[in-house]
Every structure is written in C-alpha cells, then in structure tokens.
Amino acid sequence: MRSILPKGENRKRRSIAARVIACVLVALLALPFAGCSASPNATGGTAGSQEYTVSVSLSGGSGRASIASPTTIVKDGDTYTATITWSSSSYDKMTADGVDYAPVNDGGNSTFEIPVTLDEDIAVSAETVAMSTPHTIDYTLHFDSSTMKEKSGDDASGGSPAGTASSAAADFHNADLGCGWEPTGALQLEYAKHFTVDEFEGGLRLICVSNGERFLVVPQDAKVPDGLSSDIAVIRRPADKVYLVSSATMCLVDALDANDNILMSGTKADDCSVAGFKSALESGAIAYGGKYSAPDYERISASGCTLAIENTMINHTPDVKEKLQKLGLVVLTEQSSSEPEALGRVEWIKLFGVLFDKEDEAAHLFNEQKARVEQTSGLASSGKTVAYFYINSNGAAVTRRAGDYVAQMIELAGGSYALDDAQTASTSGSSVTLEMERFYATAKDADIIVYNGTIDESVATLNDFVGKNALLSQFKAVKNGNVWVTSADMYQQMTSTADIIDELHGAFTGDDTSDFHYLRKLG
C-alpha cells in the first residue's frame, strides 16, 4: 500500500524506499525459519498476516468502469488491505478516507492497495487521465465478508507465481506438462479470461482453454518432450495447414497477415466480410471445407489439414469433432464469444499470434485497439439507456445478457444497458430470449434501440422494424425516431471493436454519422 508523496519528493523518496525495502527483503530471505525462508505477502502483509479472496462491488460514476471481483484482501491484526484492479489502465490515483494512493503496478490495468472495512459502504474517488484533462470520479466499494475464502498454497503469494500464467485465471489453467518441465514465463493477458499461455524453453508454448482443452505449440524443428501428458495435443508452430471454421476469428487471421496459413474455411466467400480473407476465398487460395456441422471430410483429409479451429457451435455436434480427430486433425475450440469484456474478445489475437508465430504483431494490434477503446470510454457519458435485441420467428425478443461483451460495448460507448442482471438471468448463455410482453415492460422506456441486424437482416426500414411486433411502436425510442440497426458483418469484425464502439458513441451523442459502417439509423 503506497500513499502519494508531496510533489517533487516522489522520485527521491521512492528511490530511497526501494533500496531500503530491497535490503530488508534480502535480510529476511536469508533468515532460517524452521528450515524455510520467510517472505512478505505480495500485497504488503507481514509474516503473521493472512490472505483471502472476497467479492467486492462497485457503484457510482458513469457505470462504465468496473473492478476485478473477487479480489485479494490481507488481514493483518484488525486491519484489512484490499487489492483494487480497475478495468482500465488510465487511473493514476485513488483517495480513501482522505488519503491518496498511487498505483502499485507499472503496466496493465491500474491496481491499488487500500485499507478497507467489511460489510460497509466505502466512499472512494479515483482520478482518470483517459480524457484530455484529469477527472476525479466518486465511487462506492462494498466488501461482502460472507464470500471470504482463505488462500493457501501457491495462491497465497498473491499475483502470478513466477513463470506461470496469471493466478486470476480460472481452474482450467494447468501448466503441468506431465514430464517435469517447468514454465519459464507466461503471456501477459489483460482482459481475456478464457485462455492462458505458458512459456517453456526452446520456444514451446502451452495453451490452456477454458473448456479444458490443452495444446503444446512446438516449433517446427523442435522435439516434443518425452512423457507429455496424454490430454495435451501438439500443434507445430507456425500452424500452416489450418481448417478455420470459426468465422468470428477470420479478422484476427487477416489482421496478422496469416491467410496463407489457412488451407480451408468453414465460411463461403459470399458470407465473408473480411476483405483479405474473402479475396483468398474467391481466388481459391483458401478452399471451402464445409460448415461446422457438415464438413467435407474427404476434401479436408486430402488437403493435409492438421488443425481445425472451431467455435462453441461444435459443442452441438460432438460427433463432428470426433471424426475430425480420427482424420488426424487437432481440434481447438476457441471461446472468444464467452469473454465478458469486449477487449477480452480482441485479446484472443494473442492466442492466434502464438499459433502463427506472430506474437509481437498480435500484441501491437491488441494495444492499438485497447488505446482507442480506452480513449472513447473516457469521454462523458451520454446518459442514454440502450436496448439491444432482435425479434425471432416466434415473435420473442432475443437480447444479450447484462455483463455480456455487447452490453459492455454499449457501456464503453457512453450508454447504459437497459436490462440488468435480474432481467436477463433466464439462461446461462450470452443470449436471452424474453416474451415480448416481458421485454416491453423492461425496455419500453429505453432512449435508444439498436436492432441486431447481424442475426436478422430483414429490417431495412422503420416500418420493417415495427412490423415485427405491434408492441414495438409503443417504445419510447420508436416514438422519438431513435432506432438503429447493425450491419450484417458486425460479428465478423472483432478487430474493429474500437470502430464499433466509436460509432455507438456517435449514435448516442448525435455526432456526425455520415461515415458509419456498422450502424444505420432507421427512418
């Protein structure tokens, strides 16, 4: 926990403090305690302190910012110190109980350590530099003691154990190759929650995916370790004989200039909106291998494909996955659609960077998108509530779960999603189907409607829209002429996330929309 020092003294005092702390740590590590070396907790606790995880809620502000929950809390005597990790890297100061605190990290999302109390509302403020001038925003934190769980073992150190992927990763992360090799590092992930990458000697990379799949990515001329765990499939790097079925990731491949690594696609040229990938399909450089549920097994086998990249739709046809594996293909099921944050989806480009040996390019492309999204999210809130949905063949509204990446994009663009967690809790997926009467009751007063034209391309005019259901004409946004429709290709444009958020912001604030591509106002 670090408080901000008087202006002009920060650099000098931090330098002195760093040398003192370093000396103290060396001395402590040299002391034998029952045959072990003592080390302080990562969050600043003493040898007698104990670390826990605890759920924390954040309220206040525009509603666009969030913090990591559960988080780490250290109990030292009667005091608690909590780690606060924001959803942005733009916070440079927090104030709690009249004391200013500086970030405790030098990169990634802004992280602070502050004293807290449990089961009480805690008033704090945070200064963001995302806008042209610094702005201080008031928030309220609440730590729920009923969710506290004691940390033990490797987790007790706090943060990431040396040489492994982030300890914030869920239980699917398993860096044990089964042959005694130890990781030497990990790929830094800031938003993605559904994969991890551990680094090993010789350029080897271990990918863990949240569905339990594990893949060891091995350079073409390197030897596969003896005794590798039987659940780990081997992918040679760069992967250059790929059957790409996941249409949402075509843009990632194209952005990495890796179209030449794809032999076959699960998408036809007419259905592809990613220019470079579409051109390769039209020229025959990438052949059509059949959709996810009906691949052309004979053609795929003859092509020499060694890796199939699927999306979660393959879960509906497990026999297809099994047949592809029997043909000798490794099947990787990407989970980008499960990411709770928009930038989490974009960060999957780093996994593709590992597969295609383009890690530096992937990091650069992600950082570009991140910077633009953070710039837009730092603008003033529009104060507008937004409903996002389409009408299915049964006349019901299909919307997105609150907290889903689409809802988060609306929040990042300065809007407020019209439905909350309780109203979208009917299913476990990202899409939620609501009978029209119920949807009307919850979303009729939304200031803006964004109709999902990616799924339902039949809406070209406002009359088309209200013709879907008689109740739609009674919505506030319809009466005020504030109905928008998304382009058919929006879901295929993950690498245009910043552009989509920019256009949403323009729609919410009345900016010039003449050059919009992903949104169109219905008149």
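These numbers were taken from a predicted model, which means no experiment stands behind them.

Enquirer: Sorry if this is basic, but what is going on with the pattern of salt bridges here?
Expert: Note that side chains of opposite charge can pair when their charged atoms are close. A full pass over the atoms with the stated rule returns 16 salt bridges. Residue Glu359 is joined to Arg205 by a salt bridge in which the shortest nitrogen-to-oxygen separation is 3.1 Å. Here the residue Glu359 occupies a position in helix 8 (residues 359-377), and Arg205 occupies one in strand 13 (residues 204-209), the gap between them amounting to 154 residues. Ionic pairing is found between Glu359 and Arg237, a salt bridge with its closest N-O pair at 2.7 Å. Taken as a pair, Glu359 in helix 8 and Arg237 in strand 15 (residues 232-237) lie far apart in primary sequence, 122 residues in all. No difference in accessibility class separates Glu359 from Arg237, as the two residues are buried. Overlapping salt bridges bring together Arg205, Arg237, Asp357 and Glu359 as one network.

Enquirer: Any chance you could explain the confidence of the model for the chain here in plain terms?
Expert: Low pLDDT marks regions whose predicted coordinates should not be analysed in detail. With 83% of its residues at a pLDDT of 70 or more, the chain has an overall mean of 84. In the predicted structure, residues 1-47 sits below a pLDDT of 50 and forms 51 contacts with residues beyond four places in sequence or in another chain. Confidence over residues 153-169 falls short of pLDDT 50; this stretch has 30 contacts with residues more than four positions distant or in other chains.

Enquirer: How should the side chain of Asp456 be read in this particular structure?
Expert: One can find Asp456 in the loop between strand 25 (448-451) and helix 11 (462-466). Reaching out from Asp456, the side chain makes a polar contact with the side chain of Tyr451 at a distance of 2.5 Å. A polar contact is formed between the side chain of Asp456 and the side chain of Lys468, at a distance of 2.9 Å. Apart from residues lying up to four places away in sequence, Asp456 is in contact with Tyr390, Ile391, Tyr451 and Lys468.

Enquirer: Is there a simple way to think about the nonpolar core in this case?
Expert: Across soluble globular proteins, nonpolar side chains show a tendency to be buried alongside one another. Formed by 97 residues in total, the largest nonpolar core has its most connected members in Phe356, Phe389, Phe439 and Phe465. Contact partners of Phe465, with chain neighbours within four places excluded, come to Phe389, Ile449, Tyr451, Val459, Leu472, Val478, Val483 and Leu522. Ala96, Ala126, Tyr139 and Leu141 belong to the second-largest nonpolar core, a separate cluster that totals 23 residues.

Enquirer: I would appreciate a short explanation of a negative patch on the surface in the present structure.
Expert: A cluster of like negative charges, contributed by Asp119, Glu120, Asp121 and Asp144, occupies part of the molecular surface. Topologically, Asp144 is positioned in strand 10 (residues 135-150). Residue Asp144 is classed as partly exposed on the basis of its relative accessible area, which comes to 30%.

Enquirer: Sorry, what's going on with the sheet that holds strand 9 (residues 121-128) here?
Expert: Through backbone hydrogen bonds, the strands of a sheet pair up, either in parallel or in antiparallel fashion. Here eight strands make up an open sheet; going across it, the order is 7-6-9-10-3-4-5-8 and the pairing antiparallel. Two strands in the sheet have a free side with no partner beyond their single neighbour: strand 7 (99-101) and strand 8 (111-116). The sheet shows a mean angle of 35° between the axes of neighbouring strands, direction not considered. Relative to strand 4 (residues 71-76), strand 3 (residues 50-60) runs antiparallel, the two sharing five bridges. Bridge pairing in strand 4 places Val54 opposite Thr71.

Enquirer: Would you mind going over the packing of helix 9 (residues 405-412) against helix 13 (residues 497-509) with me for this structure?
Expert: Helices that pack against each other are described as a pair by the angle of their axes relative to one another and the distance between those axes. In the contact formed by helix 9 and helix 13, the axes pass within 8 Å of each other and the chain directions differ by 55°. With respect to each other, helix 9 and helix 13 are oriented oblique. The interaxial crossing formed by helix 9 with helix 13 has right-handed handedness. Of the residues in helix 13, those in contact with Met409, Ile410 and Leu412 of helix 9 are Thr497, Ile500, Ile501, Leu504 and Phe508. Grouping the amino acids of the contact of helix 9 with helix 13 by side-chain chemistry returns seven nonpolar, one polar and no charged.

Enquirer: What should I look at first to understand helix 8 in this one?
Expert: Relative to the 27 Å expected for 19 residues at 1.5 Å per residue, helix 8 spans 27 Å between its end C-alpha atoms, a close match to the ideal helical length. Buried within helix 8 we find Glu359, Ala362, Phe366, Gln369, Lys370, Val373, Glu374, Thr376 and Ser377. Viewed end-on, helix 8 has its buried residues packed into an arc of 155°, placing them on one side of the element. Looking at helix 8, the residues exposed on the side facing more than 90 degrees away from the buried face are Asp360 and Gln375.

Enquirer: Hey, could you run me through the packing of aromatic side chains in this one?
Expert: The geometry of an aromatic ring pair comes down to the distance between the two centres and the angle between the two planes. Inspection of the entire model under this criterion finds 12 aromatic pairs. Ring geometry for Tyr440 versus Phe475: centroids 5.4 Å apart, planes at 70°, classification edge-to-face. Of this pair, Tyr440 sits in helix 10 (residues 436-443) while Phe475 sits in the loop between helix 11 and helix 12 (476-479), placing them 35 residues apart in sequence. Judged by relative accessible area, Tyr440 falls into the partly exposed class, the value being 22%.

Calculation notes
- Residues numbered from 1 in each chain as written.
- Predicted model: local features only at pLDDT ≥ 70, side-chain atom pairs only at ≥ 80, totals over all residues.
- Heavy atoms only, no water.
- Salt bridge = Lys/Arg side-chain N within 4 Å of Asp/Glu carboxyl O.
- Helix = DSSP H or I, 4+ residues; strand = E, 2+ residues; numbered from the N terminus.
- Buried < 20%, exposed > 50% of the residue type's maximum accessible area, 1.4 Å probe, protein only.
- pLDDT = per-residue confidence, 0-100.
- Contact = heavy atoms within 4.5 Å.
- Polar contact = N/O pair within 3.5 Å; in protein donor to acceptor, adjacent residues only side chain to side chain.
- Core = buried A, V, L, I, M, F, W, Y, C linked by side-chain atoms within 4.5 Å.
- Patch = residues over 30% accessible without salt bridge, like charges linked within 9 Å, V, L, I, M, F, W, Y side chains within 5 Å.
- Areas by Shrake-Rupley, 256 points an atom, 1.4 Å probe, with all protein chains shown as cover.
- Lys, Arg positive; Asp, Glu negative; His and termini not counted.
- Charge placed at Lys NZ, Arg CZ, Asp CG, Glu CD.
- Pairing = 2+ DSSP bridges.
- Axes fitted to C-alpha atoms, helices over the stretch in contact; angles between N-to-C directions.
- Parallel < 35°, antiparallel > 145°, perpendicular 65-115°, else oblique.
- Left-handed = near helix turned anticlockwise from the far one by under 90°.
- Nonpolar A, V, L, I, M, F, W, Y, C, P; charged D, E, K, R; others polar.
- Expected span 1.5 Å × (residues − 1).
- Arc of directions from axis to C-beta.
- Phe/Tyr/Trp six-rings, centres within 6.5 Å; stacked < 30°, edge-to-face > 60°.

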